Amino acid sequence: MSHDLTAPVHWQGRQWAVTGYGIEALDGMYHVPFSEIPEAEAGPPDWLENLWHRYGTDRDDLAAALRVARSIRFAAKPAASRSAA
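Caption draft 1: Expanded view of the nonpolar core. Formed by 14 residues in total, the largest nonpolar core has its most connected members in W16, I23, I37 and W47. Of all the elements, helix α2 (residues 59-75) adds the most residues to this core, at four residues. In this view, W47 contacts I23, Y30, V32, E36, I37 and L66; residues no more than four positions away in its chain are not counted.

If you want it as C-alpha cells, here you go:
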C-alpha cells in the first residue's frame, strides 16, 4: 500500500521518503514534519526509537531519511550577523 507523497520528493528509499513536509512513510502510516527534525548535534530525536520498533521498519532506510532531512532542513541555516558598532 502506498500513498501520494507531499511534493517535492527530495529522496525516496525502500520504506521512507523525504518530502516537502518532512519524513513520510511510503505506506502513509507515519510522518514527521521538518519542525520535529533536530540538528545532528542534538542526538537522536525521541520519535526515532519508537519508529524503529514499529512493524518491521528498515532502520537503515529511516536513518538515511533522517540524514537527508537534516541536510535539507539545516543547509540554509543563516550565518550569525554582527553589527558594525
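Caption draft 2: Representation of the pairing of strand β2 (residues 16-19) within the structure. Judged by which residues are buried, β2 turns out to be covered on both faces: W16 and V18 on one side and A17 and T19 on the other are all buried. Looking at chain direction, strand β1 (residues 9-12) and β2 are connected through three bridges and run antiparallel. Paired with V9 across the strands is T19, a residue of β2. As paired strands, β2 and strand β3 (residues 22-25) are joined by three bridges and run antiparallel to one another. Of the residues in β3, the one forming a bridge with A17 is E24.

Procedures and definitions
Residues numbered from 1 in each chain as written. Predicted model: local features only at pLDDT ≥ 70, side-chain atom pairs only at ≥ 80, totals over all residues. Heavy atoms only, no water. Core = buried A, V, L, I, M, F, W, Y, C linked by side-chain atoms within 4.5 Å. Buried < 20%, exposed > 50% of the residue type's maximum accessible area, 1.4 Å probe, protein only. Helix = DSSP H or I, 4+ residues; strand = E, 2+ residues; numbered from the N terminus. Contact = heavy atoms within 4.5 Å. Pairing = 2+ DSSP bridges.

Treat this as a map of the structure, not an account of what it does.
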